[in-house]
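So you can see what is in the structure, the chains are spelled out below.
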Amino acid sequence: MKCFVWSPFLYASETWTLNKNTEKRIEAMEMWIYRRMQRISWKEKVTNKKVLESVGLQRPGLLLTIQRRKMKYYSHMRRHDSIQKKIWRERLMEGVAEGEEGRRGWATSKRRPR
């Protein structure tokens, strides 16, 4: 599964802005994939905990992988002096917001993986 699904899905994920809605959708997609692998229908009313046990996991790991990649990218950008770093720093400092509600910026969405 990791080579066919996760690789294309995680492409450039370190640059994504994560919010609660996106995190929920990522976890739902991962659980859907695990259910499809185990051929468990949604009609069977199997809990996510049981599905994860049948796959051999404690909790979904895709979101943790994305958060680790974001932290690696952040530390990479902090180490190197480049035009990307200058652009990144300008956007971080000015707090680019989109739409009326705005969005959570990269600086506020970065969290340490658990």
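Values in this document were obtained by computation on a predicted structure and should not be read as measured data.

S.K.: Explanation requested: helix α4 (residues 62-79) in the structure shown.
M.R.: Residues three or four positions apart in an α-helix share a direction because the helix packs 3.6 residues into each turn. Here α4 spans 26 Å end to end across 18 residues, near enough to the 26 Å set by a 1.5 Å rise per residue. Among the residues making up α4, those that are buried are Leu62, Leu63, Leu64, Thr65, Ile66, Gln67, Lys70, Tyr74 and Met77.

S.K.: Any chance you could explain the nonpolar core here in plain terms?
M.R.: In a soluble, globular protein the nonpolar side chains are often hidden away together inside. In terms of nonpolar packing, the biggest core is built from 12 residues, these being Trp6, Leu10, Leu18, Ile26, Met31, Tyr34, Ile40, Val51, Leu52, Leu62, Leu63 and Ile66. If you list the elements that add at least two residues to this core, you get α2 (20-38), α3 (48-55) and α4. What Leu62 contacts, discounting residues up to four positions off in sequence, is Trp6, Phe9, Leu10, Ile26, Met29 and Glu30.

S.K.: Whenever I open this one, a positive patch on the surface confuses me. Can you help?
M.R.: A cluster of basic residues, Arg59, Arg68, Arg69 and Lys72, forms a positive patch at the surface. Along the chain, the position of Arg69 falls in helix α4.

S.K.: Can you walk me through unusual backbone geometry in this structure?
M.R.: The bulk of non-glycine residues show a negative phi, and the bulk of peptide bonds are trans. For Arg39, which is not glycine, the phi dihedral falls at a positive 55°. Relative to the assigned elements, Arg39 resides in the loop between α2 and α3. Phi is positive for Lys45, which is not a glycine, with a value near 55°. Mapped onto the elements of the fold, Lys45 is located in the loop between α2 and α3. For Lys45, a relative accessible area of 67% corresponds to the exposed category.

S.K.: What am I meant to see in the packing of α2 against α3 here?
M.R.: At their nearest, the axes of α2 and α3 sit 10 Å apart, and the two run at 60° to each other. Here α2 lies oblique to α3, going by the angle between them. Two packed elements cross with a definite hand, and for α2 against α3 that hand is left-handed. Residues Met31, Tyr34, Arg35 and Gln38 of α2 form the contact with α3, whose own contacting residues are Asn48, Val51, Leu52, Ser54 and Val55. Of the residues that constitute the contact of α2 with α3, the class distribution is five nonpolar, three polar and one charged.

S.K.: Just checking my understanding: could you explain the environment of Leu10 for this structure?
M.R.: Within the element layout of this structure, Leu10 appears in the loop between α1 (2-9) and α2. It is 8.7 Å that separates the C-alpha atoms of Leu10 and Leu62, two residues lying 52 residues apart in sequence. When near neighbours in sequence (up to four residues on either side) are disregarded, Leu10 contacts Leu62, Thr65, Ile66 and Arg69.

S.K.: I would appreciate a short explanation of α2 in the present structure.
M.R.: Its 19 residues give α2 an end-to-end C-alpha distance of 27 Å, which sits within 8% of 27 Å, the value for a rise of 1.5 Å per residue. A positive backbone phi angle near 55° is found at Arg39, which sits one or two residues after α2.

S.K.: Just to check I follow, could you spell out the confidence of the model for the protein chain for this structure?
M.R.: Caution applies to low-pLDDT regions: their predicted coordinates should not be interpreted in detail. Averaged over every residue, the pLDDT of the protein chain is 76; residues scoring 70 or more account for 76%. Ranking the elements of the protein chain by mean pLDDT puts helix α6 (residues 106-109) last with 54 and α2 first with 89.

Cut-offs and rules
- Residues numbered from 1 in each chain as written.
- Predicted model: local features only at pLDDT ≥ 70, side-chain atom pairs only at ≥ 80, totals over all residues.
- Heavy atoms only, no water.
- Helix = DSSP H or I, 4+ residues; strand = E, 2+ residues; numbered from the N terminus.
- Expected span 1.5 Å × (residues − 1).
- Buried < 20%, exposed > 50% of the residue type's maximum accessible area, 1.4 Å probe, protein only.
- Core = buried A, V, L, I, M, F, W, Y, C linked by side-chain atoms within 4.5 Å.
- Contact = heavy atoms within 4.5 Å.
- Patch = residues over 30% accessible without salt bridge, like charges linked within 9 Å, V, L, I, M, F, W, Y side chains within 5 Å.
- Areas by Shrake-Rupley, 256 points an atom, 1.4 Å probe, with all protein chains shown as cover.
- Salt bridge = Lys/Arg side-chain N within 4 Å of Asp/Glu carboxyl O.
- Lys, Arg positive; Asp, Glu negative; His and termini not counted.
- Charge placed at Lys NZ, Arg CZ, Asp CG, Glu CD.
- Axes fitted to C-alpha atoms, helices over the stretch in contact; angles between N-to-C directions.
- Parallel < 35°, antiparallel > 145°, perpendicular 65-115°, else oblique.
- Left-handed = near helix turned anticlockwise from the far one by under 90°.
- Nonpolar A, V, L, I, M, F, W, Y, C, P; charged D, E, K, R; others polar.
- pLDDT = per-residue confidence, 0-100.

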